[in-house]
Amino acid sequence: MSATPTKKKAAPAKKVARKKAVKPAAGNDAPLNDQQKVFVDEYLIDLNATQAAIRAGYSAKTAASIGFENLRKPKIQAAISEAQSRRAIRTGITADRVLQEVARLALYDPRKFFRDDGTPLGVHQLDDDTAAALAGMDVHEEYEGTGKERVFVGYTKKFKLADKGANLERLMKHLGLFKEDNSQKVDPLAALLHTIAGGSGSGFAPIKEDPDHKKE
């Protein structure tokens, strides 16, 4: 009898390990989620991270820590910076412009509100720097006599000017020059206005013609 040839067993197939797709971690490359976007918008309102977190829907108990953590995340920092830049371009409000306005309020010359004879100028006659320092104005019509003999004699204007001292203090802090000093007891602006009023402190003399008001 002839021997039946034996069949060789096939070698078992090698298992090929498949690499699982790795999802990108929620790090710097991940876009902001909806809640983080709301946080950015709310933070721009008052620059209060805790309140922004609460308004964005985070728990009030952890809002302080969440707000702090959000401000440390590069993506949120970039989103806030970009939003602030867009707003500055849209509104024209920049740090330089704000500083210029504070300088106007601190460095204006109150003499420019008046003519050489001490009567006040019309608002439209003020230059831009002087007008910026005008915080308010009261205008009163003045009459003499009573009844049918009552006659209009002019206007009395009272200017409310920006606080030079407070704005100078802001500039000094900005320049690193601030030093608390209470030795100055006299308000030079009040002294000047008192002198213009004739030393009585009772107000300004009425003027007959007022370019800002037309008598009908």
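All figures in this text were calculated on a predicted structure; none of them were measured in a lab.

## Describing the overall build of the protein
Okay, so step 1: Helix and strand counts for the protein stand at eight helices and two strands.
Okay, so step 2: Counting every position in the protein, which comprises 216 residues, the buried fraction comes to 22%.
Okay, so step 3: Considering only contacts in the protein between residues 6 or more positions apart, those separated by 24 or more positions represent 55%.
Okay, so step 4: For the protein, the exposed area adds up to about 16800 Å²; of that, 53% sits on carbon and sulfur atoms.

## Some thoughts on the pattern of salt bridges
Okay, so step 1: In the structure shown here, the tally under the stated rule is seven salt bridges.
Okay, so step 2: Between Arg104 and Glu101 there is a salt bridge whose closest N-O contact spans 3.1 Å. Taken together, the residues Arg104 and Glu101, both in helix α5 (residues 95-107) and three residues apart, mark about one turn of the helix.
Okay, so step 3: The shortest N-O distance in the salt bridge between Asp109 and Arg111 comes to 2.8 Å.
Okay, so step 4: Its relative accessible area of 23% is what places Asp109 among the partly exposed residues.
Okay, so step 5: The exposure class of Arg111 is exposed, given its relative accessible area of 56%.
Okay, so step 6: Among the ionic contacts, a cluster of salt bridges with common partners joins Glu42, Asp46 and Arg55.

## Looking at the environment of Leu126
Okay, so step 1: Within the secondary structure layout, Leu126 lies in the loop between α5 and α6 (128-132).
Okay, so step 2: Remark: the alpha-carbon pair of Leu126 and Phe114, spanning twelve residues in sequence, is separated by 9.2 Å.
Okay, so step 3: Excluding anything up to four places from it in sequence, Leu126 contacts Lys112, Phe113, Leu121 and Ala131.

## With respect to the confidence of the model for the protein
Okay, so step 1: Overall, the prediction assigns the protein a mean pLDDT of 77, with 69% of residues at 70 or greater.
Okay, so step 2: Note that pLDDT drops below 50 for residues 181-208; the model gives that stretch 30 contacts with residues more than four away or on any other chain.

## Considerations on the packing of helix α1 (residues 34-46) against helix α4 (residues 74-91)
Okay, so step 1: Contact geometry for α1 and α4: axes closest at 10 Å, N-to-C directions at 45°. On the basis of the axis angle, α1 is oblique to α4. You can see that α1 and α4 cross each other, and the crossing is right-handed. Between α1 and α4, the residues in contact are Gln36, Phe39, Val40, Tyr43 and Leu44 and Ile76, Ala79, Ile80, Ala83, Gln84 and Arg87, respectively.
Okay, so step 2: In the contact of α1 with α4, the residues fall into eight nonpolar, two polar and one charged.

## Remarks on the packing of aromatic side chains
Okay, so step 1: Tallying each qualifying case throughout the model produces six aromatic pairs.
Okay, so step 2: For the pair Tyr108 and Phe113, a centre-to-centre distance of 6.5 Å together with 90° between the ring planes defines the contact as edge-to-face. The same class applies to Tyr108 as to Phe113, namely buried.
Okay, so step 3: Between Tyr143 and Phe152, the aromatic rings sit 5.5 Å apart at their centres with planes inclined by 65°, giving edge-to-face as the arrangement.
Okay, so step 4: Of the residues examined, Tyr143 reaches a relative accessible area of 27% and is grouped as partly exposed.
Okay, so step 5: Residue classification places Phe152 among the buried residues on the basis of a relative accessible area of 16%.
Okay, so step 6: Three or more aromatic residues joined by ring pairs form one cluster here, namely Tyr108, Phe113, Phe114 and Phe159.
Okay, so step 7: Positioned over the ring face of Tyr143 is Arg150, at 3.9 Å from the centre of the ring.
Okay, so step 8: It is Lys164 that lies over the ring of Tyr108; its NZ or CZ is 4.4 Å from the centre.

Procedures and definitions
- Residues numbered from 1 in each chain as written.
- Predicted model: local features only at pLDDT ≥ 70, side-chain atom pairs only at ≥ 80, totals over all residues.
- Heavy atoms only, no water.
- Helix = DSSP H or I, 4+ residues; strand = E, 2+ residues; numbered from the N terminus.
- Buried < 20%, exposed > 50% of the residue type's maximum accessible area, 1.4 Å probe, protein only.
- Contact = heavy atoms within 4.5 Å.
- Areas by Shrake-Rupley, 256 points an atom, 1.4 Å probe, with all protein chains shown as cover.
- Salt bridge = Lys/Arg side-chain N within 4 Å of Asp/Glu carboxyl O.
- pLDDT = per-residue confidence, 0-100.
- Axes fitted to C-alpha atoms, helices over the stretch in contact; angles between N-to-C directions.
- Parallel < 35°, antiparallel > 145°, perpendicular 65-115°, else oblique.
- Left-handed = near helix turned anticlockwise from the far one by under 90°.
- Nonpolar A, V, L, I, M, F, W, Y, C, P; charged D, E, K, R; others polar.
- Phe/Tyr/Trp six-rings, centres within 6.5 Å; stacked < 30°, edge-to-face > 60°.
- Lys NZ or Arg CZ within 6 Å of the ring centre and 35° of its normal.

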